[in-house]
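Observations on the three-dimensional arrangement
For reference, the chains in residue letters:
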Amino acid sequence: MKLLHTMIRVKDAEKSLKFYTEVLNMKLDHKKRLEDCWLYFLNDEEGSVQLELTANDETPEEGYNLGNGFGHLAFSVDSLDKFSEKIHSLGYEYLYEPFDLNGKGSRIAFLKDPDGYEIEMIEKVVW
């Protein structure tokens, strides 16, 4: 069995597509129109993980209630220093600045997408 994708609802598809393609280097694979929404399928750089953004025709004005069950999406980066430069140049800020996770050099940081979903960025030490 293989996990195919994760779906999240978004208020503004254009803002979300910009975030996931520009900040996280995901690529739009295809989009599909259903009766009441648009589905946007994004692939990671390796093509191994897919994220589905769902933009419903009737979206709450204030956006979706994310609840307390969902935690975050996690992405790996080679360098959090370089990633930090990138997000700051695009006008984004961290929710939690990069910090050492385990005392062995692995670092993580968190930011939020336009809908408030938390994104964990992980820089792992290569031994």
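The present account deals with the structure reproduced in this document. Counting from 1, residues in each chain are numbered in the order their sequence is written. For this predicted model, a pLDDT threshold of at least 70 governs which residues receive local features, and a threshold of 80 or more governs which side-chain atom pairs are given and counted, while totals over whole chains, interfaces and linings are taken from all residues. Hydrogens and waters are ignored; side-chain quantities use all the structure's heavy atoms.

On to the sheet that holds strand 2 (residues 27-33). Strand order in this open sheet of four strands is 1-4-3-2, and the pairing throughout is mixed. Each edge of the open sheet is held by one strand with a lone partner, namely strand 1 (5-9) and strand 2. Averaged over all neighbouring strand pairs, the angle between strand axes comes to 20°, with direction disregarded. Here, strands pair whenever DSSP counts at least two bridges between them. To qualify as a helix, a DSSP run of H or I must reach at least 4 residues; to qualify as a strand, a run of E must reach at least 2; elements of each kind are numbered from the N terminus. Where strand 1 and strand 4 (residues 50-56) come together, five bridges link them in parallel fashion. What sits directly across from Ile 8, in strand 4, is Leu 53. Fitted lines through C-alpha atoms serve as axes, helices being fitted only where they are in contact, and the angles separating the N-to-C directions of these axes extend from 0 to 180 degrees.

Moving on, we come to the sheet that holds strand 5 (residues 73-76). Taken in spatial order, the four strands line up as 5-8-7-6 in an open sheet, and their pairing is mixed. The two strands at the open ends of the sheet, each matched to only one other strand, are strand 5 and strand 6 (96-100). Each adjacent strand pair in this sheet contributes to an overall mean axis angle of 20°, direction not counted. Two strands pair when backbone bridges link them, and strand 6 and strand 7 (residues 107-112) are joined in this way by three bridges, in the antiparallel orientation. Counted as the bridge partner of Tyr 96 is Phe 110 from strand 7. Note on definitions: a residue-residue contact is assigned when non-hydrogen atoms from the two residues lie within 4.5 Å. Sitting on the sheet, helix 1 (residues 13-23) is in contact with strand 5, strand 7 and strand 8 (118-123), with an inclination near 160° to strand 7. Packing against the sheet, helix 2 (residues 80-89) makes contact with strand 6, strand 7 and strand 8, and its axis sits at approximately 20° to strand 7.

When a carboxyl oxygen of Asp or Glu lies within 4 Å of a side-chain nitrogen of Lys or Arg, that pair is called a salt bridge. Scanning the entire structure with this criterion turns up four salt bridges. Across the salt bridge formed by Lys 18 and Glu 22, the nearest N and O atoms sit 3.9 Å from each other. In this pair, Lys 18 and Glu 22 both sit in helix 1, four residues apart, roughly one turn of the helix. Exposure remark for Lys 18: the relative accessible area of 44% places this residue in the partly exposed category. For every residue, the accessible area (1.4 Å probe, protein chains only) is compared with the maximum for its type, and the residue is labelled buried under 20%, exposed over 50%, or partly exposed between those bounds.

Let us now look at the side chain of Thr 54. Mapped onto the elements, Thr 54 comes out in strand 4. For Thr 54, a relative accessible area of 4% gives the class buried. A 3.5 Å cut-off defines polar contacts: any pair of N or O atoms within that distance qualifies, except that in protein one atom must be a possible hydrogen donor and the other a possible acceptor, and neighbouring residues in sequence count only when both atoms are side-chain atoms. In this structure the side chain of Thr 54 is engaged in a polar contact, spanning 3.1 Å, whose partner is the side chain of Glu 52. Leaving out residues up to four positions away in the same chain, Thr 54 has contacts with Met 7, Ile 8, Arg 9, Val 10, Cys 37, Trp 38 and Leu 39.

Before going further, it helps to spend a moment on the nonpolar core. Counting residues in each nonpolar core, the largest one holds 27 residues, and the members touching the most others are Tyr 20, Leu 24, Leu 53, Phe 83, Ile 119 and Met 121. Those elements giving two or more residues to this core turn out to be helix 1, strand 3 (37-43), strand 4, strand 5, helix 2, strand 7 and strand 8. Considering each element in turn, this core owes the most residues, five residues, to helix 1. Not counting the four nearest positions on each side in its chain, Met 121 is found in contact with Leu 24, Phe 75, Val 77, Leu 80, Phe 83, Arg 107, Ile 108, Ala 109 and Leu 111. Nonpolar core, defined: a set of buried Ala, Val, Leu, Ile, Met, Phe, Trp, Tyr and Cys residues in which side-chain atoms within 4.5 Å join the residues together.

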